[in-house]
Amino acid sequence: MPGMKEVRVKIKSVQNTRKITKAMEMVAASKMRKAQERMRAARPYAERVRAITANLSQANPEYSHPFLVARTPMRNVGVILVTTDKGLCGGLNTNILRALTQQIKEWQAQGLTVKACAIGNKGLQFLNRLGINVLSQAVQMGDKPHLDKLVGPVKVLLDAYEREEIDAVYIAFSSFINTMKQQPQVEPLVPLPKRAMTTSEAERKQYGWDYIYEPDAKPVIDALLVRYIEALVYQSVTENMACEQSARMVAMKSASDNAKTVINELQLVYNKSRQAAITKELSEIVGGAAAV
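Rules used in this analysis
- Note that residues are indexed from 1 along each chain, following the sequence as it is written.
- For this predicted model, a pLDDT threshold of at least 70 governs which residues receive local features, and a threshold of 80 or more governs which side-chain atom pairs are given and counted, while totals over whole chains, interfaces and linings are taken from all residues.
- As a rule here, side-chain values come from all non-hydrogen atoms in the structure, and water together with hydrogens is ignored.
- Any two strands with at least two DSSP-identified bridges between them are counted as paired.
- Helical segments are the DSSP runs of H or I of at least four residues, strand segments are the runs of E of at least two, and each set is numbered from the N terminus.
- To define axes, lines are fitted to C-alpha atoms, for helices over the stretch in contact only, and angles between the resulting N-to-C directions are given on a 0 to 180 degree scale.
- Here a residue-residue contact requires only that any non-hydrogen atoms of the pair lie within 4.5 Å.
- Whenever Lys or Arg places a side-chain nitrogen within 4 Å of a carboxyl oxygen from Asp or Glu, that contact is recorded as a salt bridge.
- Only protein chains enter the accessibility calculation, which uses a 1.4 Å probe; a residue is then buried when its area is under 20% of its type maximum, exposed when over 50%, and partly exposed in between.
- Only protein atoms enter the 1 Å grid, on which a cavity is a set of points fitting a 1.4 Å probe that cannot get out and a pocket is an open set with protein on both sides within 12 Å along at least 5 of 7 lines, lining residues being those with an atom within 4 Å of a point.
- Grid points are joined across faces, edges and corners, and a volume is the space filled by probe spheres set on the points.
- Residues were grouped as follows: Ala, Val, Leu, Ile, Met, Phe, Trp, Tyr, Cys and Pro as nonpolar; Asp, Glu, Lys and Arg as charged; and all remaining residues, including Gly, as polar.
- Each helix should span, by expectation, one fewer than its residue count multiplied by 1.5 Å.
- What the bend at a residue measures is the angle between two axes, fitted to the seven residues ending there and to the seven starting there.

Next up on the list: the sheet that holds strand β1 (residues 76-82). Taken in spatial order, the 5 strands make up an open sheet running β3-β2-β1-β4-β5, and their pairing is mixed. One side of each edge strand has no neighbouring strand; the edge strands of this open sheet are β3 (133-138) and β5 (181-190). Direction aside, the axes of adjacent strands within the sheet are offset by 20° on average. As paired elements, β1 and strand β4 (residues 168-178) share 5 bridges and run parallel to each other. The residue of β4 that forms the bridge with I80 is I171. Across the sheet, helix α6 (residues 217-291) is in contact with β1, β2 (113-119), β4 and β5; its angle to β4 comes to roughly 40°.

Right, let's get into the pattern of salt bridges. Taken as a whole and judged by the stated rule, the model has 9 salt bridges. In this structure, the salt-bridge partner of D143 is K31, at a minimum N-O distance of 3.0 Å. With D143 in the loop between β3 and α4 (147-162) and K31 in helix α1 (residues 4-59), this pair connects stretches of sequence that are 112 residues apart. Residue classification places D143 among the partly exposed positions, given a relative accessible area of 42%. The residue D257 makes a salt bridge to K253 at a minimum N-O spacing of 3.3 Å. Linking D257 with K253, this pair stays in helix α6, spanning 4 residues, or about one helical turn.

It is worth spelling out the layout of surface pockets at this point. Approximately 370 Å³ is the volume attributed to the second largest pocket. K86, D143, E244, Q245 and R248 are, among the 23 residues lining the second largest pocket, the residues nearest its centre. For the lining of the second largest pocket, the secondary structure elements donating two or more residues are α1 and α6. By residue number, the principal contributor to the lining of the second largest pocket is α6, which donates 6 residues. The class makeup of the residues in the lining of the second largest pocket is 9 nonpolar, 8 polar and 6 charged.

Let us now look at the pairing of β4. Along any regular strand, the residues point their side chains to alternate faces of the sheet. The buried fraction of β4 amounts to 9 of the 11 residues, a majority that puts the element mostly inside the structure. Where β4 lies against β5, 9 bridges are found, and the strand directions are antiparallel. Looking at the pairing, S175 lines up with Q183 of β5. Here β4 folds back onto β5, and the loop between the two strands holds 2 residues.

Time to look at α4. When the terminal C-alpha atoms of α4 are compared, their 21 Å separation across 16 residues agrees well with the 22 Å that a helix rising 1.5 Å per residue should span. Within α4, the axis deviates most sharply at K155, by approximately 30°. Among all positions in α4, only L150, P153, V154, L157, L158, A160 and Y161 are buried. Against β1, β2, β3, β4, β5 and α6 lie the buried residues of α4. Just beyond α4, the residue with positive phi is E164, at close to 65°.

Quick look at the structure:
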């Protein structure tokens, strides 16, 4: 049985750790609310841009933007990996990296070359370990994403797609379901899937009018498609940040609860050691008195 001094030191160490995890839990809970509000505020804009872009692309069928045309056969694939800059958020990064690893293996089995854009330090380190060609990166994003920091790295992949150096672009991120659940997703970004460019009956009634283009249909549709891609990437980053704070809050709460359990167990060991020491001293006193 360990000595009482060793147990006291261990209890103090775990108590200090619990203070840290408890503080991180409270900070993550505060940031989580703001991140979720930011995520929900970005969703209507992305959906509205999608609806207008889909209607415009159908209203002008004689022009097809490269972002809408699928290429065959495919030789090179680009992927935008969205992860966190910091750890201590449970299995959030592990899940999305595992899903992307499986997808990369499938691409490589088909003979495709993978190029990447890393958003987040964890993803950048992962891609470097895999030996993936990282064309651009955006790290140290902070708690609030800024579109001007995202446009540059994403545009590198989009320009490569327009130059036909990349035949398709995917985005990998964690989708926010609820506070306890985050879903890793690897979705096609460019060319835009047909379901994204399909308008519902309500959208056709709302946007179903003839457009007057100024100066011309081509630059208007080009600009809208680029804005739509940017909105999708921004929405993915906000979703990932909401997932990060939720996962960190849950992970730190679990760590605090586990620390409390460990403290109780160590306290029991300490009490047993103390009782054994007291019993031993009493036995020695009684034995000495009997000998006298």
